[in-house]
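Observations on the model geometry
Take a look at the letters that make up each chain.
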Amino acid sequence: MSRKILLEHDDVPGIETFDVYRKHGGYRSVEKALKTMSPQNVVEEVQKSGLRGRGGAGFPTGMKWSFLAKPEGVPRYLLCNADESEPGTFKDRYLMEKIPHRLIEGMIVSSYALGANTSYIYIRGEYMWILDILEKAIAEAYANGFLGKNILGSGFDLDLRVAPGGGAYICGEETALIESLEGKRGNPRLKPPFPAVKGLWGCPTVVNNVESIAAVVPIVNDGGDEYAKIGLGKSTGTKLISASGNLVRPGVYEIEMGITVEEFIYGDQYCRGIANNKKLKACIPGGSSVPILPAHLVTKTAEGTDRLMTYESLAEGGFASGSMLGSGGFIVFDEDQCIVRNTWTFARFYAHESCGQCSPCREGTGWMEKVLNRLEHGQGTLEDIDLLAEINKKIEGNTICPLGDAAAWPVAAAIRHFREEFEWHVTHPEESQKRNYGLVLPKSTLV
Amino acid sequence: MSLKIIHQERQEFSAERMAEVQALIAQYPEGKHKSALMRILHMAEEDFGGWLSVETMNYVAEILNIQAIEVYEVATFYTMFNLEPTGKYVFEVCRTGPCMLVGSDNIIAYLEEKLEVKMGGTTADGMFTLKTAECLGACGYGPMLQCGKQYHEHLTKDRIDEIIASYRSGVVPKEIAR
Amino acid sequence: MVKVTIDDIQIEVEEGTTILNAARQIGGDVVPPAMCFYSKLPGTGGKCRTCLVEVAAGSEKDPRPMPKLVASCSTPVMDGMVVKNKTSERVHENRGGIVEFLLINHPLDCPICDQAGECHLQDLGFEHGKSATRYKEKRRTFDPITIGNKIKLHMNRCILCYRCVAVANQLTDKRVHGVLHRGDHAEISTYIENAIENDFSGNMIDVCPVGALTDKTFRFKSRVWFLKPMEASCSCSKCSGKAVVWMFGNEIYRVTARKDKYGEVESNEDGKTAWICNECRFDKKDASKWSIEGPRTINRHSVISQNLYTSDRKITDKKLN
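Residues numbered from 1 in each chain as written. Chains lettered and ligands numbered in written order. Predicted model: local features only at pLDDT ≥ 70, side-chain atom pairs only at ≥ 80, totals over all residues. Heavy atoms only, no water.

**Details of the interface of chain A and chain C**
On the side of chain C, 33 residues touch chain A, which itself brings 36 residues to the contact. For the pair chain A and chain C, the summed buried surface comes to about 2,900 Å²; carbon and sulfur atoms form 48% of the total. By the criterion of area lost to chain C, the three top residues of chain A are Glu363, Trp367 and Lys394 of chain A, representing 24% of everything that side buries. Where chain A meets chain C, there are eight salt bridges. Across the pair Asp405 of chain A and Lys68 of chain C runs a salt bridge, and its minimum N-O distance is 3.4 Å. Summed over the shared surface of chain A and chain C, the result is 23 residue pairs in polar contact (both at pLDDT 80 or more). Elements with a minimum of two residues in the side of chain A that touches chain C: helix H15 (339-353), helix H16 (359-376) and helix H17 (382-395) of chain A. Residues belonging to the side of chain A that touches chain C are distributed by class as follows: 12 nonpolar, 13 polar and 11 charged. (Contact = heavy atoms within 4.5 Å. Buried area = accessible area lost by both parts, 1.4 Å probe. Salt bridge = Lys/Arg side-chain N within 4 Å of Asp/Glu carboxyl O. Polar contact = N/O pair within 3.5 Å; in protein donor to acceptor, adjacent residues only side chain to side chain. Helix = DSSP H or I, 4+ residues; strand = E, 2+ residues; numbered from the N terminus. Nonpolar A, V, L, I, M, F, W, Y, C, P; charged D, E, K, R; others polar.)

Here it is in structure tokens:
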């Protein structure tokens, strides 16, 4: 069942304006929180809701909030991570473009809960037009007394600003994001100290994904317990899924967690199946960094049970036969797609995006890209496949930040499940050149 | 990597823009003014011809009262900043996995053929610079390219023809609403 | 004080001490190698990942092992922590991987590199490296840039430890060089041609673990193992004037700061680091300007120094003369 909570009213004309948004129940959560709840009450509701970070890691948001240090006389900051850059993920963009006020509303309530009086939305530089949309919406919120001094007479002050990035995936890592906000290179920091203790300008800081912050709005409106009723088990609430690849109807969908993967791919409410009447070959369910699954493990687990759109079900089987929900970047491959080519583009992406600070990531991502480039172009050897797996193991877990793992996992998984295809590139160098992998346009976009 | 340093006559922000810059700096706490750097660099690029010369970066360093190297470090880290002159319009074509799956390779080939210039190059008339880009967050709407603040999505050969013709006539092509 | 066990050796150290520093207090081969961490330069470390160790037990309170290897230079010890360095197969395996990463793009031009013989990457390769490379790709190269007439920058050899950036930030008043670009084409540079000239900029040479920053006044003059390191001092208004002069016969070929067995510049009696100024380093090559105190023990552990810089100075002197 499709259930719109975050994207509620996204089809209402003018919903991007304050007036229309307000008319459709917007900013109720701010009124409720500031007038009837203490900041601690808000934190408790978020804890009760079971909301898990929507940026990819899935860490419980309420728990993250509870770690925030509160030393006397030191400002605290809430940063919204709108640096959406994980290949396959474009959900935050949709939400900000369509309903910017939902994010702003979430920022106000969350800042109130955390005791932050200045908050920032750090948005990837390529989304510059969304920055304009957000700033316009923020100006409206100021004009209507929802931002600034003494909001709704509650005594709570909040300044909300937007800061652009400049083209760097790594700035989605929270400490790199903080560095970038401080006007520096996006080099992730060594942890500990964690941002909750020492973040922006050395002050306690919480960094949350756009979708997580937007989810605070329904949690406050309806209560954490009500929110926790949506979804399945520890995967509470709804999730925005960015569907891309060879689908009849790619796009952003808000789903109630717990629907089957089968329904999501083939259901009429969702992606409506594989484009051009082709067959499903593989799927990456949570953004480029999570393991790829071959067709037989996409809709069913290795045990033969239905695979569900939840954190737990997608991870069932571990890395041997499972994957992760990650950021919800759902990438689908039809039968004609080349796994080697796709893996190469991902390796190229991570090599391009490595900050270069620590040696395993700096050297390892570049090395993997070069080896995969050769393999894809028919110049690889069988040893190269083992070498890739080896390089992988030496990056994984050995880097400062998770980018190393993010670069290693997709390569490892592709070899795990599609080794024959890598070998085929070695044994059929000429054919692998001729095969028109990746060049098949779905009919919907074909000239 | 080779560093090609191209110089440009020093330019300065207009009084109006400078006020905007100063207001931005004033938003940050005392001593944290460097935080305004990225946004000022975007502004400088917009105002001074779409790229950042050494002179521009030195100027920004002066405004923020930081060492010039701190600006170079940042400007070279983030891929959006152009460190050499570009064509009037820069087409950045996404080629990462999800776009590749729906044919970005075709789009790249077609653009190169149509504009008679390879990726990384600028057309002889200085109108267009072609570049490849890594994931721009339009995965469900690929193939796509970015030109300034505009995302052009669901690209086909016909659509590319339209977009190019439109830019040539000085009109930023409108994107079809999703 | 907290108790920590490293490679089965227990030691008590002050709270907040890092695993690496605790290991250094024990000494010997339980000390993990460090290519980027430099105890005299706050904020360095964590980048090269050669000092990764296994934490078999997190603490007395929470004795669970840490799932990942941790950077010993930046992880503080906890009471009851159990650390494995040389006794861990995982560490051995992964450190080998890190060394391989550091070497894939390194030019391996040791025969013409002034750092040869005192290069930490050579030591590391000797101890943890593989005998053959698996790297079939073209090695990365950088265009040479000039950073002044005293210091030579060889970016191809750089491992991006960021120590020289820390020197510029912490010892000089105006930093003109830094790390540009990112990923595997990140580089140390001034961007525009700019001389790194400051009274203390020469210390970048001493902290550089490889041959990326070398002394132009000593360039190609001699292999270091043919020189006699002598402790010497002079009266200097800018620095402590305590240095090591590297002599051939009665001639001073080069001047460096006094370094300890970890390759770090020593501390003076007052606890301050004995950095030397550029004048002492580059301009005082006349032996009469120094009072030479006696031979300096160089404690290195690579194959290159096996027979020379040992504590047995007689052999050393005999071989040199």
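**A word on the interface of chain B and chain A**
In many analyses, interface size is given as the accessible surface area lost on bringing the parts together. Residue-level contacts link 48 residues of chain B with 69 residues of chain A. Across the interface of chain B and chain A, roughly 4,600 Å² is buried in total on both sides, 58% from carbon and sulfur atoms. On the chain B side of the interface with chain A, the three residues burying the most area are Phe77, Leu101 and Lys149 of chain B, jointly 15% of the side's total. Remark: the boundary between chain B and chain A carries five salt bridges.

**Looking at the pairing of strand S2 (residues 118-123) of chain A**
Residue and element names in this part refer to chain A. For S2, a buried count of five out of six residues is recorded, marking the element as mostly surrounded by other parts of the structure. Pairing between strand S1 (residues 77-82) and S2: six bridges, direction parallel. Looking at the pairing, Leu78 lines up with Ser119 of S2. Pairing geometry for S2 and strand S3 (residues 159-164), over six bridges, is parallel. In the strand pairing of S3, Tyr120 is matched with Arg161. What joins S2 to S3 is helix H7 (residues 128-143), and the crossover it makes is right-handed. (Buried < 20%, exposed > 50% of the residue type's maximum accessible area, 1.4 Å probe, protein only. Pairing = 2+ DSSP bridges. Right-handed = clockwise from strand over helix to strand, strands pointing away.)

**Structural notes on the domain arrangement of chain B**
The domain boundaries assigned to chain B delineate domain 1 (15-77) and domain 2 (89-168). Here the C-alpha centre of domain 2 of chain B lies 29 Å away from the C-alpha centre of domain 1 of chain B. (Domains from an automatic or database assignment.)

**Topic: the pattern of salt bridges**
Evaluation of the coordinates by the stated rule reveals 69 salt bridges over all chains. Two residues, Glu182 of chain A and Arg189 of chain A, come together in a salt bridge whose shortest N-O distance is 3.0 Å. A salt bridge links Asp206 of chain C to Lys259 of chain C, with the nearest nitrogen and oxygen atoms 3.5 Å apart. Of the two residues, Asp206 of chain C is situated in helix H5 (residues 203-207) and Lys259 of chain C in the loop between strand S12 (251-256) and helix H6 (278-283); the sequence distance between them amounts to 53 residues. Taking the relative accessible area as the measure of exposure, Lys259 of chain C reaches 27% and is therefore partly exposed. Salt bridges sharing common partners tie together Glu390 and Lys394 of chain A together with Glu93, Glu100, Lys130 and Arg134 of chain C.

**So, the side chain of Asp184 of chain C**
On the secondary structure map, Asp184 of chain C appears in the loop between strand S7 (178-180) and strand S8 (187-189). Among the residues examined, Asp184 of chain C registers a relative accessible area of 15% and is labelled buried. Sequence-distant contacts of Asp184 of chain C, that is, excluding residues within four places in its chain, are made with Arg362, Gly366 and Lys370 of chain A together with Arg140 and Phe142 of chain C.

**Thoughts on the sheet that holds strand S11 (residues 329-334) of chain A**
Residues and elements named next belong to chain A. With mixed pairing, five strands are arranged side by side in an open sheet as S8-S7-S11-S9-S10. Each having just a single partner strand, strand S8 (251-256) and strand S10 (293-294) make up the two edges of the open sheet. Pairing analysis gives four bridges linking strand S9 (residues 280-284) to S11, with the strands arranged antiparallel. Paired with Ile284 across the bridge in S11 is Ile331. Against the sheet, helix H5 (residues 91-98) contacts strand S7 (238-245) and S8, and its axis sits at roughly 115° relative to S7. (Axes fitted to C-alpha atoms, helices over the stretch in contact; angles between N-to-C directions.)

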